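Structural overview for review
In case you want the letters, here they are:
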Amino acid sequence: QVQLVESGGGLVQAGGSLRLSCAASGRAFANYAMGWFRQSPGKERAFVAATSWSGGSTYYADSVKGRFTISRDNAKNTVYLQMNSLKPEDTAVYYCAGRPYTMAVTTVNGYNYWGQGTQVTVSS
């Protein structure tokens, strides 16, 4: 019953920046934690970043710390992922995920709702 729709992906050069958006609809998102994951061909879906929906705590994978920032606008039911200093290894399909709890987690099976994904390609 909850829909998540990602947007903002595209092709950028190494060192560039990109901002992804995830719009939620179908249910109120009070007390929902949100996360971003990514997956490239032949690899498992991997954690990128997460945030408590009702609080301000954020978490990041070591590979993106200092480069990526997760944020949210509760009035718009939208979560963002600002990606700076992009590297070719960041190339993947990026997925938005939500879970009906205040605490965020870093595992795929910890989330109940998923978007369709948006492609990010970083050229060298």
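Structure: above.
What counts and what doesn't
- In this numbering scheme, every chain counts its residues from 1 along its sequence in written order.
- Two thresholds apply to this predicted model, a pLDDT of at least 70 for residue-level local features and 80 or more for giving and counting side-chain atom pairs, whereas whole-chain, interface and lining totals are computed over all residues.
- As a rule here, side-chain values cover all heavy atoms of the structure and leave hydrogens and water aside.
- The helix count covers DSSP runs of H or I at least four residues long, the strand count covers runs of E at least two residues long, and both are numbered beginning at the N terminus.
- Radius of gyration here uses only the C-alpha atoms, and the compact-globule reference equals 2.2 Å multiplied by the residue count raised to the power 0.38.
- Throughout this description, buried means an accessible area under 20% of the type-specific maximum (1.4 Å probe, protein chains only), exposed means over 50%, and partly exposed covers the range between.
- Residue contacts follow a heavy-atom distance rule, with two residues in contact if any of their heavy atoms lie within 4.5 Å.
- Accessible surface is estimated by sampling points in the Shrake-Rupley manner with a 1.4 Å probe; for residues, cover comes only from the protein chains shown.
- Asp and Glu count as negative and Lys and Arg as positive, but His and the ends of the chain are not part of the count.
- A charged residue contributes its charge at one atom only: NZ of Lys, CZ of Arg, CG of Asp or CD of Glu.
- A pair of strands counts as paired when DSSP detects no fewer than two bridges linking them.
- One side-chain nitrogen of Lys or Arg within 4 Å of one carboxyl oxygen of Asp or Glu is enough to make a salt bridge.
- Each Phe, Tyr or Trp ring, with Trp reduced to its six-membered ring, pairs with another whose centre is within 6.5 Å; inter-plane angles below 30 degrees give stacked pairs, above 60 give edge-to-face pairs, and intermediate values give tilted ones.
- A positively charged side chain is recorded as over a ring if its NZ (Lys) or CZ (Arg) lies within 6 Å of the ring centre. The angle to the ring normal must also be within 35 degrees.

Focus on the overall build of the protein chain
Looking only at helices and strands, one finds 0 helices and 11 strands in the protein chain. Against the compact-globule benchmark of 14 Å for 124 residues, the protein chain has a radius of gyration of 13 Å, which places it among compact chains. Referenced to the eigenvectors of the C-alpha coordinate spread, the extents of the protein chain come out at roughly 40 × 25 × 25 Å. The burial tally for the protein chain puts 42% of its 124 residues in the buried class. Look at the contacts in the protein chain between residues 6 or more apart in sequence, and 57% of them connect residues 24 or more apart. Only carbon and sulfur atoms are counted for the fraction: they give 47% of the accessible area of the protein chain, which is about 6,200 Å². Each charge class in the protein chain can be summarised by its mean position, and for the 11 positive and 6 negative side chains these summaries are 5 Å apart.

A look at the pairing of strand β7 (residues 68-73)
Side-chain direction in a regular strand flips from residue to residue, so the side chains alternate between the two faces of the sheet. The pairing of β7 with strand β8 (residues 78-83) spans 6 bridges and is classified as antiparallel. Paired with Arg-72 across the two strands is Val-79, which belongs to β8. Connecting β7 to the next strand, β8, in antiparallel fashion are 4 residues, including Asn-77 with a positive phi near 50°.

Concerning the pattern of salt bridges
For side chains bearing opposite charge, pairing can occur when the charged atoms are close. Applying the stated criterion to the full structure yields 3 salt bridges. With a shortest N-O distance of 3.2 Å, Asp-62 and Lys-65 are connected by a salt bridge. Given the relative accessible area of 66%, Asp-62 is considered exposed. What you see here is one network of salt bridges that share partners, running through Arg-38, Arg-67 and Asp-90.

Quick word on the packing of aromatic side chains
The final tally for this structure, using the stated rule, is 5 aromatic pairs. Ring geometry for Phe-37 versus Tyr-111: centroids 5.4 Å apart, planes at 75°, classification edge-to-face. Of this pair, Phe-37 sits in strand β4 (residues 33-39) while Tyr-111 is found in the loop between β9 (92-99) and β10 (113-114), placing the two residues 74 residues apart along the sequence. Accessibility expressed as a relative area gives 6% for Tyr-111, which makes it buried. Arranged with centres 6.4 Å apart and planes meeting at 70°, the rings of Tyr-111 and Trp-114 form a pair that is edge-to-face. In this structure Trp-114 comes out as partly exposed when scored by relative accessible area, which is 25%. Every member of this aromatic cluster is reached through a ring pair, and the members are Phe-37, Phe-47, Tyr-111 and Trp-114. Lying across the ring of Tyr-95, Arg-45 places its NZ or CZ 3.7 Å from the centre.

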